[in-house]
Amino acid sequence: MAEPSQFQPTQAAARINSLDVIRGIALLGILLMNISGMGLPFAYSDPTIAGGAEGLNLDVWIINNLFFEGTMRGLFTLLFGAGVILLTSRLEKNGAGIGTADIYYRRMLWLLLFALVHSYVLLWEGEILYPYAIFGLMLFPLRNSSPKQLIIAGLVLLAIGMVWDVGAYRKLLKAQKEGVAAELLQKQGDSLTEKQQEALEKWEKKKEKKTPEEIAERIEQMQGGYLTVFKAKIKDNQMMQTWVIYRYWPWDLLSFMLLGMAFFKLRIFHGERSMLYYLIMLITGYLIGLSINYYETNVVLEGNFDAVSQSKSGQTYAIGRLFTTLGHIGLFMLFIKSGILRFLQASLAAVGRMALTNYIMHSIIAAFIFFGFGFSLFGKLERYELFYIVGGIWLFQLIYSPIWLKYFKYGPAEWLWRSLTYKHKQAFLTNPKTEK
């Protein structure tokens, strides 16, 4: 068996273009959702807290909730699962043997370290690479599972998450019923029992939103210096890397990773299916997914973004997200197979090839735009104005990514990751003769 250090990352000629294009689209789409968390206090899912909840600001939230909420993350996660099969199958085909596991697990552990740097040093608490690395460590033994087994496992995880969400909604309704009853008794002047007082306090805590003082404090923290922002985000990072991983990510991320592994084995991402196949994916996915998303959006709007309406809409979130993501796959594969706008496809593929670099770059750019050691715009822009920044970052990455790859084989983050994974320095320049 050859030494693991003798194996190389996937070279440009061996890449699957459709995977790179969709990864580029997903990477840019993720910024659509992340930007509100980067530039506004506590307003990711509730525009009434900050950034505006009327007119164009509300329209922006509605469009995101219908088409992009969870689906860009879904696409990226599916591709992560597909990448597991791509990497391990290529290594095993080239005779890596047990070295496949060595390379694979080293790759995941380095990703875990990158995630910690990204979240704590580069100050992005919405970091997704950490759970990717955690769940990625679980995927290797499943690489030889059949597509049917992977799909069943993924759907089971989705179902568990839905059961949990339904249970959470029913529990909230019970708290509301008991709390409102206690509230009514209190208004009538009746004394409350200890149990009724606990029910009242519990309901008040559930329904309360961030106060103006809490919002102002958050804005002040984010407009402070680096250490001030760093300290303010520690608790958020810890929550994202502990409680959220157990409450949400197994059903949200691990399920889609398994489905992505199955889709790769079924050659869905390769563009080898017929145009009709992808058209059916598009129509079925959007018909079911957007219908559910529309229902959920109306529920939240009618409830004015209160806790009950948010929880009620969350019961069907997994289904709407799954089918809308499938619709996106159908649409994007039709776009790729059609061959139209080849210049745009080439730029998107370049963005996808540099996904790690570009993802980290989002956080670096946002930090200098929003935080106090930069332009201090945190909390100052309306929601719709944040998307001017998104558009500027998109344009920049679509232009510079293909230019960069004309001269370099990888993005800088990809080069470092591959060099660490394969335990030797990778060629960086496209023309190795010019490298010293």
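The coordinates are above.
These lines cover the structure that appears in this document, whether it is placed above or below. (Residues numbered from 1 in each chain as written. Predicted model: local features only at pLDDT ≥ 70, side-chain atom pairs only at ≥ 80, totals over all residues. Heavy atoms only, no water.)

1. Quick notes on the overall build of the protein chain
A tally of regular secondary structure across the protein chain gives 18 helices and zero strands. For the C-alpha atoms alone, the extent of the protein chain along its principal axes is close to 85 × 50 × 40 Å. Residues classed as buried in the protein chain amount to 52% of the 436 residues present. Working note: accessible area of the protein chain is about 20400 Å², and carbon and sulfur atoms make up 64% of it. (Helix = DSSP H or I, 4+ residues; strand = E, 2+ residues; numbered from the N terminus. Buried < 20%, exposed > 50% of the residue type's maximum accessible area, 1.4 Å probe, protein only. Areas by Shrake-Rupley, 256 points an atom, 1.4 Å probe, with all protein chains shown as cover.)

2. Focus: the nonpolar core
Of all hydrophobic cores here, the largest spans 108 residues; its most connected members are Ile35, Tyr132, Leu139, Phe269, Ile329 and Phe370. In contact with Phe269, other than residues within four places in its own chain, are Ile16, Ser18, Leu19, Ile22, Leu78, Leu79, Ala82, Gly260, Phe263, Phe264, Ile329 and Met333. (Core = buried A, V, L, I, M, F, W, Y, C linked by side-chain atoms within 4.5 Å. Contact = heavy atoms within 4.5 Å.)

3. Thoughts on the environment of Val390
If you trace the backbone, Val390 turns up in helix α17 (residues 383-407). Among the residues examined, Val390 registers a relative accessible area of 1% and is labelled buried. C-alpha separation for the pair Val390 and Gly289, spaced 101 residues apart in sequence, amounts to 25 Å. Dropping the residues within four chain positions of it, Val390 is found in contact with Leu31, Leu32 and Ile35.

4. A closer look at the packing of helix α4 (residues 99-121) against helix α9 (residues 226-240)
Contact geometry for α4 and α9: axes closest at 8 Å, N-to-C directions at 125°. Taken together, α4 and α9 sit at an angle that is classed as oblique. Residues Ser119, Tyr120 and Val121 of α4 form the contact with α9, whose participating residues are Tyr226, Phe230, Asn237 and Gln238. Taken together, the residues of the contact of α4 with α9 break down into four nonpolar, three polar and no charged. (Axes fitted to C-alpha atoms, helices over the stretch in contact; angles between N-to-C directions. Parallel < 35°, antiparallel > 145°, perpendicular 65-115°, else oblique. Nonpolar A, V, L, I, M, F, W, Y, C, P; charged D, E, K, R; others polar.)

5. Side note on helix α15 (residues 342-353)
Between the first and last C-alpha of α15 there are 16 Å, a value that for twelve residues agrees with the 16 Å anticipated at 1.5 Å per step. Residues Gln345, Ser347, Leu348, Ala349, Ala350, Val351 and Gly352 constitute the buried set of α15. (Expected span 1.5 Å × (residues − 1).)

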